[in-house]
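Descriptive analysis of the structure
Residue strings, one per chain:
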Amino acid sequence: MESSTISEYATLIQNEGDPIKKAQLFKNLHDEHDVPYGLLAKELEVSPAYISNYLRLLRLPSLVLDGYYAESISLTHLFILSRIKDGDGVISLYEQVLAHEMSALDLEEAVRNILYATVSEGDPIATPIKAAIVRKFKALLPDADIKVIQTRVKSKVVIEVKGNRLKTNEFLRKLSEE
């Protein structure tokens, strides 16, 4: 395909305000003109994930799309719902969004729970406790970079020690003795 045609499509895509029509333009250019999504992403100066996110909108049930056009849900809701592959599951979640006036953040958590079988329970650990953990590790090796990271589904303590093996071995020995 000629680069001028790709450029013409790129202009159409960039000017398209309707996300479903934009997704269809991506798909048509790929299917009808054999343009790889990677090349299209490069031409549009977007990531391939950007295009994939739009393409997922095309598999949403028409009921959900009608809700978007009726302004019952936002574009963000559409993108989040499109992560669910099962059409019945999407409709069920969509009905929950409408019935409970779920925010995009609430919907994101519900989708994460479905996809990864996780449930966010409890509150984040208090900042003073995180600081105490950092102090404890800093006492072993003051030069270490310590991070305490807690998300809704996991927590981790990252200990980064820069230096050669002599220096890092010393730290690891100290750590094993505690």
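Residues numbered from 1 in each chain as written. Predicted model: local features only at pLDDT ≥ 70, side-chain atom pairs only at ≥ 80, totals over all residues. Heavy atoms only, no water.

1. Comments concerning the nonpolar core
Nonpolar side chains in soluble globular proteins generally cluster together in the buried interior. Our working definition: Residues belong to one nonpolar core when they are buried, are Ala, Val, Leu, Ile, Met, Phe, Trp, Tyr or Cys, and are joined through side-chain atoms within 4.5 Å. Accessibility here uses a 1.4 Å probe with only protein chains present; expressed as a share of the type maximum, an area under 20% marks a residue as buried, one over 50% as exposed, and anything in between as partly exposed. Secondary structure counts use DSSP, requiring at least four H or I residues in a row for a helix and at least two E residues in a row for a strand, with both numbered from the N terminus. Throughout, a contact is declared for two residues whenever any of their heavy atoms are within 4.5 Å.
Counting residues in each nonpolar core, the largest one holds 34 residues, and the members touching the most others are Phe26, Leu40, Ile73, Leu78, Leu81 and Leu107. A per-element tally of this core places helix H2 (residues 19-33) first, with five residues. Excluding its chain neighbours within four sequence positions, the residues that come into contact with isoleucine 73 are Val64, Gly67, Tyr68, Leu78, Leu81, Tyr94, Val97 and Leu98. Ranked by size, the runner-up nonpolar core spans seven residues in total, among them Leu140, Leu141, Ile146 and Phe171.

2. Overview of the pattern of salt bridges
Proximity of charged atoms lets side chains of opposite charge pair with each other. The following threshold applies: Within this document, salt bridges are pairs made up of a side-chain nitrogen of Lys or Arg and a carboxyl oxygen of Asp or Glu, the two lying within 4 Å of each other.
Within the structure shown, the criterion is met by six salt bridges. Between lysine 27 and aspartate 31 there is a salt bridge, with its nearest N and O atoms 2.5 Å apart. One end of the pair is lysine 27 and the other is aspartate 31, both in helix H2 and four residues apart, which spans about a single turn. Here aspartate 31 falls in the partly exposed class, since its relative accessible area comes to 42%.

3. What to know about the environment of tyrosine 68
Of note, tyrosine 68 is situated in helix H5 (residues 62-69). Along the primary structure tyrosine 68 and glutamine 150 are separated by 82 residues, whereas in three dimensions their C-alpha atoms are 34 Å apart. Once residues lying within four places of it in the same chain are set aside, the contact partners of tyrosine 68 are Pro19, Ile73, Ser74, Leu75 and Leu78.

4. Observations regarding the side chain of threonine 168
Within the fold, threonine 168 resides in helix H10 (residues 165-177). You can call threonine 168 buried: its relative accessible area is 17%.

5. Looking at the packing of helix H3 (residues 37-44) against helix H4 (residues 48-57)
Rules: Here, axes are lines fitted to C-alpha atoms. For helices the fit covers the stretch in contact, and angles between N-to-C directions go from 0 to 180 degrees. For classification, angles of less than 35 degrees are called roughly parallel, those exceeding 145 degrees roughly antiparallel, those between 65 and 115 degrees roughly perpendicular, and all remaining angles oblique. Should the near helix be turned anticlockwise from the far one by less than a right angle, the crossing is left-handed, and should it be turned clockwise, the crossing is right-handed. Three categories are distinguished: nonpolar for Ala, Val, Leu, Ile, Met, Phe, Trp, Tyr, Cys and Pro, charged for Asp, Glu, Lys and Arg, and polar for the others, with Gly belonging to the last.
With their axes 8 Å apart at the nearest point, H3 and H4 run at an angle of 110° to one another. Regarding the angle of H3 to H4, the classification is roughly perpendicular. At the point where H3 passes H4, the crossing takes the right-handed sense. For the pair H3 and H4, the contacting residues are Tyr37, Leu40 and Ala41 in the first and Pro48, Ile51 and Leu55 in the second. Tallied by class, residues from the contact of H3 with H4 come to six nonpolar, no polar and no charged.

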